[in-house]
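Coordinates in review
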Amino acid sequence: MSIWSELFSFEPPSDDTPELPPRAPEGFVRVYFFSGVFATEDELVAYCFGDNDDADSPTPLTRALPGAYIDTSYLVTGYQDQVGDVLSDFFSPEQVDALQSHMGPDNSVVIMSEYAFGGFPFSLGDTENLRFHGAFLIKAPEPL
């Protein structure tokens, strides 16, 4: 397709183009919450953080979310008994209860900060291994 036909096309632009979310209010950060079922903690960690032997390749999670490249230093996981503690690090007790009931039988959580996307546009959704529960604004942590 030529540039002229793209400029004068009457078709709306494709919706699969990633976008930036609205800017978080001052003092808050946006986090994205996923849950899923993994057989082992090692399986969860490998899916989210990849293989140390192949650090140059995108992680399986990044490949599963083609609209986002994820910097794993802004990602937290929790498996089985750790789920409640990980959620408590980000959410109020009432929110933790609501999120855990929404998770159903899932035994793993993945929480990523908006910083994981490096300021680039992105799109998120369910993957084969994780259900996307949405974005949440939380109070930004105090600097160390």
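Structure shown above.
**With respect to the environment of Ile70**
Residue position: Ile70 is located in the loop between α3 (60-64) and β2 (75-79). Note on Ile70: relative accessible area 3%, which makes it buried. Residue contacts for Ile70: discarding those within four places in its chain leaves Leu61, Thr62, Leu65, Leu75, Met112, Ala116 and Phe117.

**Notes on the pattern of salt bridges**
Within this structure, the stated rule accounts for two salt bridges. The residue Glu114 makes a salt bridge to Arg30 at a minimum N-O spacing of 3.7 Å. With Glu114 in the loop between β3 (108-113) and β4 (130-139) and Arg30 in strand β1 (residues 28-36), this pair connects stretches of sequence that are 84 residues apart. As far as the burial class goes, Glu114 and Arg30 line up, both buried. Note that Asp106 and Arg131 form a salt bridge whose closest N and O atoms lie 2.9 Å from each other. Placement of the pair is Asp106 in the loop between α5 (93-103) and β3 and Arg131 in strand β4, with a sequence separation of 25 residues. Given the relative accessible area of 14%, Asp106 is considered buried.

**Comments concerning helix α2 (residues 41-49)**
Residues Leu44, Tyr47 and Cys48 constitute the buried set of α2. Mapping the buried residues of α2 onto a view down its axis gives an arc of 90°, with all of them on the same face. The elements touched by buried residues of α2 are α3, β2, β3 and β4. Trailing α2 by a residue or two, Gly50 shows a phi angle of about 80°, which is positive.

Here is what the cut-offs are and how they apply
Residues numbered from 1 in each chain as written. Predicted model: local features only at pLDDT ≥ 70, side-chain atom pairs only at ≥ 80, totals over all residues. Heavy atoms only, no water. Helix = DSSP H or I, 4+ residues; strand = E, 2+ residues; numbered from the N terminus. Buried < 20%, exposed > 50% of the residue type's maximum accessible area, 1.4 Å probe, protein only. Contact = heavy atoms within 4.5 Å. Salt bridge = Lys/Arg side-chain N within 4 Å of Asp/Glu carboxyl O. Arc of directions from axis to C-beta.

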